[in-house]
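# Residue-level structure breakdown
In case you want the letters, here they are:
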Amino acid sequence: MNNAQISKAEIVSETYQTTGFPLLDDPKMRVRNVDVFYGEKQAIFDVNLDIGKNQVISMIGPSGCGKSTFLRCLNRMNDTIDICRVEGELLLESQNIYDKKIDVVELRARVGMVFQKPNPFPKSIYENVAYGARIHGLTDNKVQLDELVEKSLIRCGLWKEVKDRLEEPATGLSGGQQQRLCIARAIAVNPEVILMDEPCSALDPIATATVEELIHELSENFTICIVTHSMQQAARVSQRTAYFHLGKLIEVNDTSTVFTNPEHKLTEEYITGRIG
Ligand SMILES: Nc1ncnc2c1ncn2[C@@H]1O[C@H](COP(=O)(O)OP(=O)(O)OP(=O)(O)O)[C@@H](O)[C@H]1O
């Protein structure tokens, strides 16, 4: 066992009684005592959370409560912000993703990310999907790469719409198509977890419905963490919901429980519209 791993005994010895928060059997990711700082200012306070395998978990809460900051911890995207410092333990399976030995490029292939605004590369539709597979050496030849591009686009429901224009610039697609292309790009490298930061906020209701359906389908094979401002969206797409307030994780539970029978007064105030 190297330093990047915590022992099985340590994990097994955790219980709701010793931790004070709900634990899952065999979670995909474990977050323990995580604090995040921007310079002197603390944005996340002692967050503990288990993220279930092949589940969708939503992060909700008022603007500025730290949802995106927390999401970005899960694939070390915060490393790209100079003044940001993350403390605590974040495990993917049993590997500490903040260990010095971790290759961040590899980590971000395992824990992919889809952003608020669709951000295709200024390249062709084909190249957008093929790019990651190429840099990670996932295919041996052009035929395999073509197959991977096709499979990824089919999984995102985009193949029929783009198969005759694969060499055209991705920026020529509609916003909703671009976002599905970004999801195809993320899944082409076969990630285990996909992080989505308000993936539908720039989309119209029809494109939103398509992406939500896609999230539902993808959750059969991937673990998905989604930040959303829309409680309806959280209710539609996720099995679990985490409510954040002023940098603290106030409550995490089955989505239906959070929305119908929240444990904490702050959660109730938020879902009933008294905190905005
Ligand atoms: N790059 C940064 N530098 C300094 N402070 C930041 C930075 N990014 C976020 N913050 C601060 O961290 C806190 C949490 O912000 P964050 O964007 O994570 O919240 P959020 O819940 O995702 O908000 P929103 O719903 O408005 O997107 C806020 O006080 C914000 O001002």
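Since this is a predicted model, take the numbers as computed values, not measurements.

Attention now goes to the overall build of the protein chain. Scanning the protein chain from terminus to terminus reveals twelve helices and ten strands. Computed over its C-alpha atoms, the radius of gyration of the protein chain comes to 19 Å, within 12% of the 19 Å expected for a compact globule of 276 residues. Principal-axis analysis of the C-alpha atoms gives the protein chain an extent of 55 × 45 × 35 Å. Classification of the 276 residues of the protein chain by burial places 39% in the buried group. The contacts in the protein chain between residues at least 6 apart in sequence include a share of 68% that link residues at least 24 apart.

A separate point is the pairing of strand 4 (residues 84–92). The sheet contact formed by strand 1 (residues 29–38) and strand 4 spans eight bridges and is antiparallel. Its bridge partner lying in strand 4, V31 is registered against L90. Note that strand 4 and strand 5 (residues 95–96) share two bridges and pair antiparallel. Its bridge partner being in strand 5, L91 is matched across the sheet by N96. The turn linking strand 4 back onto strand 5 is made up of two residues, and E93 within it adopts a positive phi angle of 55°.

Around the ligand, the neighbouring residues are Y38, A43, G61, S63, G64, C65, G66, K67, S68, T69 and I81. Sort the elements by how many residues they give to the shell around the ligand and helix 3 (residues 67–73) lands first, with three residues. Partitioning the shell around the ligand into residue classes produces four nonpolar, six polar and one charged.

The next subject is the sheet that holds strand 8 (residues 223–227). Taken in spatial order, the six strands of this open sheet run 6-7-8-3-9-10, and their pairing is mixed. The sheet is open, and its two edges are formed by strand 6 (111–114) and strand 10 (248–254), each paired on a single side. In this sheet, neighbouring strand axes are inclined to one another by 20° on average, regardless of whether the strands run parallel or antiparallel. For strand 3 (residues 56–60) and strand 9 (residues 240–245), the ladder comprises four bridges, and the chain directions are parallel. Paired with M59 across the two strands is A242, which belongs to strand 9. Against the sheet, helix 8 (residues 175–188) contacts strand 6 and strand 7 (193–197), and its axis sits at roughly 170° relative to strand 6.

This next bit is on the UniProt feature "domain: ABC transporter" (unreviewed entry) in the protein chain. Under the UniProt annotation, "domain: ABC transporter" (unreviewed entry) lies at residues 29–271. Annotated as residues 29–271, this span is 37% helix and 26% strand, and its ends, taken at the C-alpha atoms, are 26 Å apart.

Moving on, we get to the pairing of strand 6. Of the two faces of strand 6, the one lined by V111 and M113 and the one lined by G112 and V114 are each fully buried. For strand 6 and strand 7, the ladder comprises four bridges, and the chain directions are parallel. Across the sheet, M113 pairs through a bridge with L195, a residue of strand 7.

Here we come to the environment of G137. With respect to the secondary-structure elements, G137 resides in the loop between helix 5 (125–135) and helix 6 (142–155). Once the C-alpha coordinates of G137 and V189 are considered, the two residues, 52 residues apart in sequence, prove to be 9.6 Å apart.

Glancing now at helix 9 (residues 205–218). Over its 14 residues, helix 9 extends 20 Å from the first C-alpha to the last, a length consistent with the 20 Å expected when each residue adds 1.5 Å. All of the buried residues along helix 9 are V211, E212, L214, I215 and L218. Down the axis of helix 9, the buried side of the element spans an arc of 160°, and every buried residue falls inside it. Facing away from the buried side of helix 9 by over 90 degrees, the exposed positions are P205 and I206. Lining the buried residues of helix 9 we find strand 3, helix 8, strand 7, strand 8 and helix 10 (231–237).

Attention now moves to the sheet that holds strand 5. Strands belonging to one sheet form pairs held by backbone hydrogen bonds; the direction of such a pair is parallel or antiparallel. Read across the sheet, four strands follow the order 2-1-4-5 without closing on themselves; strand pairing throughout is antiparallel. Only two strands of the sheet have a single partner each, and these edge strands are strand 2 (41–51) and strand 5.

Packing of helix 5 against helix 6 leaves a shortest axis separation of 9 Å and a crossing angle of 115°. As far as their axial angle goes, helix 6 and helix 5 are roughly perpendicular. Crossing geometry of helix 5 relative to helix 6 is assigned as right-handed. Residues Y126, V129, A130 and A133 of helix 5 pack against L145, L148, V149, S152 and L153 of helix 6. Classifying every residue of the contact of helix 5 with helix 6 gives eight nonpolar, one polar and no charged.

What counts and what doesn't
- Residues numbered from 1 in each chain as written.
- Predicted model: local features only at pLDDT ≥ 70, side-chain atom pairs only at ≥ 80, totals over all residues.
- Helix = DSSP H or I, 4+ residues; strand = E, 2+ residues; numbered from the N terminus.
- Rg over C-alpha atoms; globule rule 2.2 N^0.38 Å.
- Buried ≥ 20, exposed ≤ 12 C-beta atoms within 10 Å, placed from the backbone.
- Contact = placed C-beta atoms within 7 Å.
- Pairing = 2+ DSSP bridges.
- Near = placed C-beta within 6 Å.
- Nonpolar A, V, L, I, M, F, W, Y, C, P; charged D, E, K, R; others polar.
- Axes fitted to C-alpha atoms, helices over the stretch in contact; angles between N-to-C directions.
- UniProt positions renumbered as here; feature names shortened; annotations may be inferred.
- Expected span 1.5 Å × (residues − 1).
- Arc of directions from axis to C-beta.
- Parallel < 35°, antiparallel > 145°, perpendicular 65-115°, else oblique.
- Left-handed = near helix turned anticlockwise from the far one by under 90°.

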